[in-house]
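Below are the chains, spelled out letter by letter.
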Amino acid sequence: MTQLMNENGIRCDGRKVDQLRNVSIKVGILKNADGSAYIEFGQNKILAGVFGPRDVHPKHMANQDRGILRCRYHMSPFSVTERKNPAPSRREIEISKVIKEALQPAVLLKDFPRTVIDVFIEVLQADGGSRCAALDAASIALADAGIPMRDLVSACAAGKVADQIVLDVNNEEDQEGQADMPIAIMPNLGKVTLMQLDGILTPAEYKTCLQTAIGGCKQIYEIQRKALMEKYFGNGGQ
Amino acid sequence: MEVKRRYVIPGDVIITGPFRPEQNVYQDGDKIVSTSVGISEIYENTVRVIPLCGIYMPKTNDLVIGKVIGHSSLSWEFDINSCFVGFLPAQDVFGRDYSPTKDELKERLDVGDLVAARVANFDRSRDPLLTVQDRDLGKIESGELIEIAPSKVPRLIGKRGSMIQTIEMATKAMITIGQNGWVVVSSDDPVGLLKAIEAVKMVDAQAHLPNLTERVKSMLGVELGENNDTINE
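Since the model is a prediction, treat every value here as computed from it, not as a measurement. (Residues numbered from 1 in each chain as written. Chains lettered and ligands numbered in written order. Predicted model: local features only at pLDDT ≥ 70, side-chain atom pairs only at ≥ 80, totals over all residues.)

Time to look at the overall build of chain A. Helix and strand counts for chain A come out as 4 helices and 10 strands. Reading chain A from its N terminus to its C terminus gives the helix and strand order β-β-β-β-α-β-α-β-β-α-β-β-β-α. Here chain A, with 238 residues, has 47% of them falling under the buried criterion. Look at the contacts in chain A between residues 6 or more apart in sequence, and 69% of them connect residues 24 or more apart. (Helix = DSSP H or I, 4+ residues; strand = E, 2+ residues; numbered from the N terminus. Buried ≥ 20, exposed ≤ 12 C-beta atoms within 10 Å, placed from the backbone. Contact = placed C-beta atoms within 7 Å.)

Below, the discussion takes up the sheet that holds strand β2 (residues 35-41) of chain A. Residue and element names in this part refer to chain A. Reading across from one edge, β1-β2-β3-β5-β4 is the order of the 5 strands in this open sheet, with mixed pairing throughout. Two strands bound the open sheet, and with one partner strand each, they are β1 (23-27) and β4 (68-75). On average, each strand axis in the sheet is inclined to that of its neighbour by 15°, with strand direction left out of account. Pairing of β4 with strand β5 (residues 115-125) involves 8 bridges; the strand directions are parallel. Bridge pairing links M75 to V123 in β5. Across the face of the sheet, helix α1 (residues 90-103) comes into contact with β4 and β5 while running at roughly 140° to β4. Where helix α2 (residues 130-144) meets the sheet, it contacts β1, β2, β3 (44-55), β4 and β5, and its direction lies at approximately 150° from that of β2. (Pairing = 2+ DSSP bridges. Axes fitted to C-alpha atoms, helices over the stretch in contact; angles between N-to-C directions.)

In this assembly, 26 residues from chain A lie in contact with 16 residues from chain B. Contributions of two or more residues to the side of chain A that touches chain B are made by β3, α2 and α4 (203-233) of chain A. Here the side of chain A that touches chain B gets 5 residues from one element, more than from any other, and that element is α4(A). Residue classes in the side of chain A that touches chain B are distributed as 14 nonpolar, 6 polar and 6 charged. (Nonpolar A, V, L, I, M, F, W, Y, C, P; charged D, E, K, R; others polar.)

It is worth spelling out helix α4 (residues 162-171) of chain B at this point. Residues and elements named next belong to chain B. Regarding α4, the residues found buried are M163, T166, I167 and T171. All buried residues of α4 lie within an arc of 100° about the axis, which places them on one face of the element. On the buried face of α4, the contacting elements are α3 (153-157), β15 (174-177), α5 (190-206) and α6 (212-220). A positive phi of about 55° marks K172, the residue just after α4. (Arc of directions from axis to C-beta.)

On to the sheet that holds strand β6 (residues 38-43) of chain B. All names here are of chain B. Pairing within the open sheet is mixed, and its 4 strands lie in the order β1-β6-β7-β3. Every other strand in the sheet has two partners, leaving β1 (4-8) and β3 (20-21) as the edge strands with one partner each. As paired elements, β6 and strand β7 (residues 46-51) share 6 bridges and run antiparallel to each other. Paired with I42 across the bridge in β7 is V47.

Here G52(A) and P53(A) are connected by a cis peptide whose omega angle stands at 0°. With an omega dihedral of 0°, the bond running from H57(A) to P58(A) counts as a cis peptide bond. You can see P58(A) is positioned in the loop between β3 and β4. At K172(B), a position not held by glycine, the phi torsion is positive, near 55°. You can see K172(B) is positioned in the loop between α4 and β15. With 14 C-beta atoms counted inside 10 Å, the residue K172(B) sits in the partly exposed group.

Attention shifts here to the packing of α4(B) against α6(B). All names here are of chain B. Viewed as axis vectors pointing N to C, α4 and α6 meet at an angle of 5°, and their least axial separation amounts to 11 Å. Between α4 and α6, the angle falls in the class roughly parallel. In contact with S162, M163, T166, I167, A170 and T171 of α4, α6 contributes T213, V216, K217 and L220. Grouping the constituent residues of the contact of α4 with α6 by class yields 5 nonpolar, 4 polar and 1 charged. (Parallel < 35°, antiparallel > 145°, perpendicular 65-115°, else oblique.)

With that out of the way, let us pick up α5(B). Residue and element names in this part refer to chain B. With 17 residues, α5 ought to run about 24 Å at 1.5 Å a step, and its terminal C-alpha atoms sit 24 Å apart, in line with that. Looking at α5, one finds that the buried residues are K195, A196, A199, V200 and V203. Considered in projection along α5, the buried side chains sweep an arc of 135° and stay on one side of the axis. α5 presents P190, V191 and A205 as exposed residues on the side facing more than 90 degrees away from its buried surface. (Expected span 1.5 Å × (residues − 1).)

For the rest of this paragraph, the subject is the nonpolar core. Residues and elements named next belong to chain A. If you look at the biggest cluster of nonpolar residues, it comprises 85 residues, and the most contacted ones within it are A48, V119 and A137. In terms of residue count, α2 provides more of this core than any other element does, 10 residues in total. In contact with A137, other than residues within four places in its own chain, are A37, Y38, I39, I46, A48 and I121. (Core = buried A, V, L, I, M, F, W, Y, C linked by C-beta atoms within 7 Å.)

Pairing analysis gives 5 bridges linking β1(B) to β6(B), with the strands arranged antiparallel. The residue bridging R6(B) from the neighbouring strand is S40(B), located in β6(B).

Residue-level pLDDT values for chain B average 89, and 95% of them are 70 or greater. Mean pLDDT across the elements of chain B bottoms out in α6(B) (86) and peaks in strand β5 (residues 31-34) of chain B (95). (pLDDT = per-residue confidence, 0-100.)

This paragraph deals with the packing of α1(A) against α2(A). Residues and elements named next belong to chain A. Two numbers describe how α1 lies on α2: the axes approach to 10 Å, and their chain directions differ by 45°. If you check the angle between α1 and α2, you find them oblique. Like other packed secondary-structure pairs, α1 and α2 cross with a definite hand, here right-handed. Between α1 and α2, the contacting residues are I95, V98, I99, A102 and L103 on the first element and R131, A134, L135, A138, S139 and L142 on the second. Counted by class, the contact of α1 with α2 contains 9 nonpolar, 1 polar and 1 charged residues. (Left-handed = near helix turned anticlockwise from the far one by under 90°.)

Here it is as structure tokens:
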């Protein structure tokens, strides 16, 4: 077993307990999608593309009084060390579902009856916390597609590693740590849209963990904001 | 009264207080929040956001350019560069005495034809209904189709049509602008046609920059000076 944290409180990848990995976001990099984003979240490399609103096929899925949101999270065969079968796995189906449900409260679907908004997420390289990174990219891609949203969605995980609450759990910490809690929020509205918890925490630890994750989400929001501003307004956008 | 402008992204609070929310904003308590990436405008007591991206949403009375994608025995279906399909009833073209057994829709409009039409009716419950019963509407016989972003159409038209007039006068081309972002340019003079196309594409690419009319004028080789609109965003 690798040592996850040394005596000085420095984690296995050299970060402090409350430090994010390096995050960079690029907006609008796919020509054929209506909106797109690319995120590098530590070693995660993820592409998100959005189409729509457009006609629903198959037609029976259409909703007469509001639009629907569909989401596909997919890991490329080369995204992990051993080849991953490209067919959707149980885990990918679950993540597609939770990402869809995390984005839904933010998107104003009632403006587009009988249509669909499709979100495609392709993980090119995975390194723990990919659902949060995917969600961050998807929310930016939706904004880039010009789809009306109440707020952006920012996501970040926190967890328990070597009996300490840490921000932004990486792959090793996820595999061998004690708990992992991905959180997504709408930062301006102050509402949580995704909360999962894998592991065991005491009530006190749970509270700290949640606060730590929300703090991380707010840092991510600033990066998302900067990326969008840069794409649309150049460097003059604040 | 002065118009206050600011760059916003979804979720940004534009202003707090008793204001009337217009396009691309929503009200959350007494806060007015943006729903799109764009430029917010506060004018007197109304707040709106001019979006910089997004698809075309049909509005009643909009002039649009549509492409025939099919027909039933009673109506044509049009691609109007939106998430909704436009419908043009056969009676609109053939008149009140239209009979599905007697008249053949394909003789008037076939798949692939371009039509300038007006949105007669549109609401959440049904697809947009088009009409060609007006001056300058109907089948477009010749011209070059250019697709621009629907959000940049107002810039191509300019203040009281100044931009489009400038291009038309300088190139002697006829330009029909659909609110859906489809533009048809036609001219007998091939040089003028190419220049007009270039000018329309230039407006699409540089819509966010100030002094656009002047740039277009210098590209077209028109003297600078009177009638320049400068929206400094």
